[in-house]
Amino acid sequence: MSSQETTEYYSNDFDWEKLRERIEDDPTLRYHFLPFTSQSSSSSSSILDSQSWNHFHARHSTGKFFKERRYLFKEFPELASCGEYSKVLEVGCGNGSTAISILRCKENILVFACDCSTEALDRATEIINASNVWLVCDSCCIMPLQKQNTPISDFENSEGGSSDITSSKKSECCIGPMDFVTLIFTLSAVPLDRMSTAVAECFSVLKPGGLLFFRDYGLYDMTMLRFEADQRVGFREYKRSDGTRSYFFSLDIARDLFLAAGFIEVELVYCCVKSVNRRKQKTMHRVWIHGKFQKPM
Ligand SMILES: C[S@@+](CC[C@H](N)C(=O)[O-])C[C@H]1O[C@@H](n2cnc3c(N)ncnc32)[C@H](O)[C@@H]1O
C-alpha cells in the first residue's frame, strides 16, 4: 500500500468536534458562518456550470489531475465482493480517476460513466484507452465511454448514462438498473438547490437493494477555509475564479438529501485525516464525508 493510500483510508486522525470548536472560535474565519439570504445567493444555470467544468478539464488536459482512488475498495468493499458483471454508474466521472480505479481492481465489472463536460469524457477516454482496461464489458468495448453530457440534475432517462450503450446490445449486457452508483467528489460541484434532483436521479437508476457510495468534501475541510469572503455564493457554498463550485457537507445536510430521495442510510461519517506538507512544514486538516446509502428492496 502506498503512503498516499494509507493517508486517505485511515479516517480518525482527529476529532471533528474539536476542529469545529477551534474554527468557530477563530474571528478571522467568521465570514464562513454568516447566514446567506436568498437574494444574495447565486444559482447559475446548468449550461454555465457545464461550461466552467469544460474549461477546467480543457485547462487540465495533461492528466496531472488524474489520481487513482484505490482506497475506494477499502471504503466500499462491496465493489470488491460483488458478483460478475455487476453494474456501476460513476456520476461526474471527470478524467476517470474513480472509474479506472474500479476497473483496475475488479475484473468483469461493468462501469458506466457520465459527466456534464464533454472535455472530461474525452480525457477519461484517453486515460482509459492508454491503461488497457475497458470501461464496459468486452462485448461493448467498441464504445468505451458514452458521450453523455447531460448534467445529472437534468437527466430524464431512468437509465441515465447507459442508454446509448444498451441500444444494440444483448439483454444481459449493459442494460437495466445499476447495482451501484458512485458519487465521488461530484455532488459538491452541483449547486445546492439542484442537489436533491441529482440525488433523486441517482436513486432512479439503482436497482432495489442497490448501493450508492458517496465521498465528498466535509464541513471545515481546509480547502473550505481557504476560500475568501467574496467567493461565497451560498451558505457553505463557494465559487472558484474559474466558475466551478464547491459545497462542504455536514452530516445532517447529506443525510437529509439522501433520505429525502428515498435512500436508507447504511454509513455516514466524517473522515478526518491529518497530513503534513513537509516542504511548507504545515499540518493540514482534511475533512471528507463518507456515506453509503441503499435503495430499499
Ligand atoms: C471533482 S470532479 C470528480 C471526478 C471523479 N468523480 C473523481 O473521482 O475524480 C467533479 C466532476 O463532476 C462533474 N460535474 C459537475 N456538475 C455536474 C453535473 N450537474 N452533472 C454531471 N457531472 C457534473 C464535473 O465536470 C467534474 O468532472
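To be clear, the structure that these remarks concern was listed above.
In this report, we go over the structure that sits alongside the text. (Residues numbered from 1 in each chain as written. Predicted model: local features only at pLDDT ≥ 70, side-chain atom pairs only at ≥ 80, totals over all residues. Heavy atoms only, no water.)

Some thoughts on the packing of aromatic side chains
Point 1. Tallied over the full model, the rule gives 18 aromatic pairs.
Point 2. When the ring of Trp16 is compared with that of Tyr220, the centres are 5.8 Å apart and the planes differ by 20°; the resulting orientation is stacked. Placement of the pair is Trp16 in helix α2 (residues 16-24) and Tyr220 in the loop between β4 (206-217) and α10 (222-225), with a sequence separation of 204 residues.
Point 3. Classification of Trp16 by relative accessible area gives buried; the value is 12%.
Point 4. Feature note: the residues Phe203, Phe214, Tyr247, Phe249, Phe258, Phe263 and Phe293 constitute an aromatic cluster, connected by ring pairs.
Point 5. We note Lys295 situated over the ring of Phe203; from NZ or CZ to the ring centre the distance is 4.6 Å. (Phe/Tyr/Trp six-rings, centres within 6.5 Å; stacked < 30°, edge-to-face > 60°. Helix = DSSP H or I, 4+ residues; strand = E, 2+ residues; numbered from the N terminus. Buried < 20%, exposed > 50% of the residue type's maximum accessible area, 1.4 Å probe, protein only. Lys NZ or Arg CZ within 6 Å of the ring centre and 35° of its normal.)

Looking at the side chain of His32
Point 1. With respect to the secondary-structure elements, His32 resides in the loop between α2 and α3 (46-59).
Point 2. At 3.3 Å, the side chain of His32 forms a polar contact with the side chain of Tyr31.
Point 3. In this view, His32 contacts Met224, Leu225, Phe227, Arg232, Phe235 and Tyr238; residues no more than four positions away in its chain are not counted. (Polar contact = N/O pair within 3.5 Å; in protein donor to acceptor, adjacent residues only side chain to side chain. Contact = heavy atoms within 4.5 Å.)

Points about the sheet that holds strand β3 (residues 178-184)
Point 1. Read across the open sheet, the six strands follow the order β2-β1-β3-β4-β9-β8; overall the sheet is mixed. Only two strands of the sheet have a single partner each, and these edge strands are β2 (109-114) and β8 (264-277). Direction aside, neighbouring strands of the sheet carry axes that sit 15° apart on average.
Point 2. In the sheet, strand β1 (residues 86-91) pairs with β3 via three bridges, with the strands oriented parallel. Bridge assignment links Val88 to a residue of β3, and that residue is Phe180.
Point 3. Across the sheet, helix α11 (residues 251-260) touches β3, β4, β8 and β9 (282-294), and the angle it forms with β8 is around 145°. (Pairing = 2+ DSSP bridges. Axes fitted to C-alpha atoms, helices over the stretch in contact; angles between N-to-C directions.)

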